[in-house]
Amino acid sequence: MESHSRLEPSQTIYDGELQSQMDLNLLPPSPAPPSKIKSPLPPRPPNPLKRKLAVDALLDNPASAVSDSGVKVIVRMRPLNNEEEEGDMIVQKVTGDSVSINGQTFTFDSVGNTDSTQLDVFQLIGVPLVENCLAGFNSSVFAYGQTGSGKTYTMWGPANALLEENLSSDQQGLTPRVLERLFSRINEEQIKHAEQQLKYQCRCSFLEIYNEQITDLLDPSQRNLQIREDVKSGVYVENLREEYVCTMKDVTQLLIKGLSNRRTGATSINAESSRSHSVFTCIVESRCKGKADGISRFKTSRINLVDLAGSERQKLTGAAGERLKEAGNINRSLSQLGNLINILAEVSQTGKQRHIPYRDSRLTFLLQDSLGGNAKLAMICAISPSQSCKSETFSTLRFAQRAKAIKNKAVVNEVMQDDVNHLREVIRQLRDELHRMKANGNTQADSTGDYSASWARRSLKY
Ligand SMILES: Nc1ncnc2c1ncn2[C@@H]1O[C@H](COP(=O)(O)OP(=O)(O)OP(=O)(O)O)[C@@H](O)[C@H]1O
Ligand SMILES: [Mg+2]
């Protein structure tokens, strides 16, 4: 089964042009839009989708109700490769959560040594992510680090680990493990809450950002897709394919297809270097009826699994030609991400208001909810222990330190039937008003035949 993400009336923001196409068909026509559109609607009621965590809404799973706003940062050190020697190792894990390089120690939530396993990463990041998702929180994981440091290995595992005969391989990466766990927990929850008619539905999309252009990895003929934003759907990619998934088999097919479409190329450090940022998204929706009150509840959560392209020193990796252009774009986009993280960290630490430059790059614009917004965020910072990577490792650890300082604002995305009824009632009132306005026609129109904004505002009060 497949669907395309909704083509809701929208605002094209990224292209600079503010084409307001919000649902204004409820309102009388207006003259040429002013440069800055002020919504003629009355102040919106509190967004039920952003309902604060309600403990009673968490079914019977109080463990999942723990909401903390901190960013979880783990560092994973890859083993030395064939070109590196034991004596080159300059990074040491000091304790379970600290690492030292050249006598300087950095502390995070957890540090994985060269012998850390895919299962370890899953236990640290994947297991809580699935529980948060079922509780209704959005969750994002970013893999960050220099080229060849193990991001793609950590997020997906080697490509052959996705083949059916290898599904139980211990090489399997975080993403397939998360999806496998998700399906198994969904089954458990549906059985446990059968009385409340709990039902889940999942759909996935997979895109890459290559040279600042978005391509659909599930349908690579869809290139240069545009980011849109509207009140109802938030930020989304127009025409991005979304596929419903019910089993692990559905997911592995998507992953194999998407990963085979992703741009890779050889650098001198990594024979299969990712030349794009990839974003795998799974949207999980559930509905159930409250035990005590019988009111229907709908929850939506979004999981973003992001494998970034790696930073590289062009001199070190010997990039040339197309590789050099890609490398320039990758480094620019990573430095925009770094800049945004710095600002978010500063805002969290000082409480000072600052402009947050989400629109500097497609990556940050698309994932703005994950960065300082409504999502729980985990960063996996991949490093190499080798002397030859020293300056990149320092810069990754500094990035990780700043990321740790960010505070997100994750809330349970739940809406109740009562809210839906309330919104329906508001729409009904607006329709009535519109009909009345039309019926009153000329008496309310100004000299151009349009209704004045102030009249519309007054009239639409409810
Ligand atoms: N923890 C690990 N255990 C075993 N092999 C690893 C580990 N981490 C990375 N590798 C191996 O190191 C190589 C580079 O890893 P990977 O492709 O994941 O790097 P990357 O960070 O995604 O680099 P790029 O930014 O260039 O895409 C691969 O051959 C991968 O299998
Ligand atoms: Mg990679």
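Everything numeric here is computed off the predicted structure, so don't read it as measured data.

J.: I would appreciate a short explanation of the pairing of strand β7 (residues 104–107) in the present structure.
T.: Consecutive residues of a regular strand have side chains that alternate between opposite faces of the sheet. The pairing of strand β6 (residues 98–101) with β7 spans four bridges and is antiparallel. Looking at the pairing, Ile101 lines up with Gln104 of β7. Where β6 hands over to β7, the hairpin turn is made up of two residues, of which Asn102 adopts a positive phi near 50 degrees.

J.: When you look at the site of ligand 1 in this model, what are you seeing that I'm missing?
T.: Around ligand 1, 18 residues are found, and the nearest of them are Gly150, Thr152, Ser273, Ser274 and Gly310. Every element with two or more residues in the shell around ligand 1 is listed here: α2 (151–156) and β16 (273–274). Here the shell around ligand 1 gets three residues from one element, more than from any other, and that element is α2. Residues belonging to the shell around ligand 1 are distributed by class as follows: five nonpolar, ten polar and three charged.

J.: Can you help me understand the packing of helix α6 (residues 321–350) against helix α8 (residues 390–404) in this one?
T.: In a packed pair of helices, the relevant descriptors are the angle between the two axes and the axis-to-axis distance. At a minimum axis distance of 8 Å, the contact between α6 and α8 shows a crossing angle of 40 degrees. In this view, α6 runs oblique relative to α8, as classed from their interaxial angle. Our pair here, α6 against α8, has a crossing hand that is left-handed. Judged by residue contacts, Gly338, Ile341, Asn342 and Ala345 of α6 engage Phe399, Arg402 and Ala403 from α8. In terms of residue class, the contact of α6 with α8 is made up of four nonpolar, two polar and one charged.

J.: Got a minute to help me understand the packing of helix α1 (residues 118–135) against helix α3 (residues 174–192) in this structure?
T.: Look at α1 against α3: their axes get within 9 Å of each other, and the N-to-C directions meet at 40 degrees. When the axis of α1 is compared with that of α3, the two are oblique. At the point where α1 passes α3, the crossing takes the right-handed sense. Each of Val121, Phe122, Ile125, Gly126, Val127, Leu129, Val130, Cys133 and Leu134 in α1 lies in contact with α3, whose residues at this interface are Leu174, Arg177, Val178, Arg181, Leu182, Arg185 and Glu189. Its residues assigned to classes, the contact of α1 with α3 shows eleven nonpolar, one polar and four charged.

J.: What exactly am I supposed to notice about helix α9 (residues 417–440) here?
T.: An α-helical segment advances 3.6 residues per turn. Residues three or four places apart therefore align on the same side. For α9, spanning 24 residues, the distance from its first C-alpha to its last is 34 Å, which sits close to the expected 34 Å at 1.5 Å a residue. Gly441, located one to two residues past α9, shows a positive phi value of around 40 degrees.

J.: How should the UniProt feature "binding site: ATP" (unreviewed entry) in the protein be read in this particular structure?
T.: Feature annotation in UniProt assigns "binding site: ATP" (unreviewed entry) to the following positions: Gly145, Gln146, Thr147, Gly148, Ser149, Gly150, Lys151 and Thr152. Examined against the element boundaries, Thr152 turns out to sit in helix α2. Those residues in contact with Thr152 that sit more than four places away from it in its chain are Ser274 and Asp307.

J.: What exactly am I supposed to notice about the pairing of strand β19 (residues 376–383) here?
T.: For β19, the buried fraction is high: eight of the eight residues fall into the buried class. Residue alternation in β19 divides its side chains into two sets, Lys376, Ala378, Ile380 and Ala382 and Leu377, Met379, Cys381 and Ile383, and both sets are buried. Sheet topology places strand β9 (residues 139–145) next to β19; seven bridges connect them, and they run parallel. Paired with Val141 across the bridge in β19 is Ala378.

J.: What should I look at first to understand α8 in this one?
T.: Helix length check: α8 (15 residues) gives 21 Å between terminal C-alpha atoms against 21 Å at 1.5 Å per residue, within 8%. Residues of α8 that are buried include every one of Glu392, Thr393, Thr396, Leu397, Phe399, Ala400, Ala403 and Lys404, and no others. All buried residues of α8 fall inside an arc of 160 degrees around its axis, so they share one side.

J.: Just to check I follow, could you spell out the sheet that holds β7 for this structure?
T.: The sheet built from three strands is open, its strands ordered β5-β6-β7 with antiparallel pairing. The strands lining the two open edges of the sheet, one partner per strand, are β5 (91–95) and β7. Mean inter-strand twist for the sheet, computed between neighbouring axes without regard to direction, equals 30 degrees. Strand direction decides the pairing type here: β5 and β6, joined by four bridges, are antiparallel. Bridge pairing in β6 places Thr95 opposite Ser98. The sheet strands contacting α8 are β5, β6 and β7, and the helix crosses β6 at an angle near 145 degrees.

What counts and how
- Residues numbered from 1 in each chain as written.
- Chains lettered and ligands numbered in written order.
- Predicted model: local features only at pLDDT ≥ 70, side-chain atom pairs only at ≥ 80, totals over all residues.
- Pairing = 2+ DSSP bridges.
- Helix = DSSP H or I, 4+ residues; strand = E, 2+ residues; numbered from the N terminus.
- Near = placed C-beta within 6 Å.
- Nonpolar A, V, L, I, M, F, W, Y, C, P; charged D, E, K, R; others polar.
- Axes fitted to C-alpha atoms, helices over the stretch in contact; angles between N-to-C directions.
- Parallel < 35°, antiparallel > 145°, perpendicular 65-115°, else oblique.
- Left-handed = near helix turned anticlockwise from the far one by under 90°.
- Contact = placed C-beta atoms within 7 Å.
- Expected span 1.5 Å × (residues − 1).
- UniProt positions renumbered as here; feature names shortened; annotations may be inferred.
- Buried ≥ 20, exposed ≤ 12 C-beta atoms within 10 Å, placed from the backbone.
- Arc of directions from axis to C-beta.

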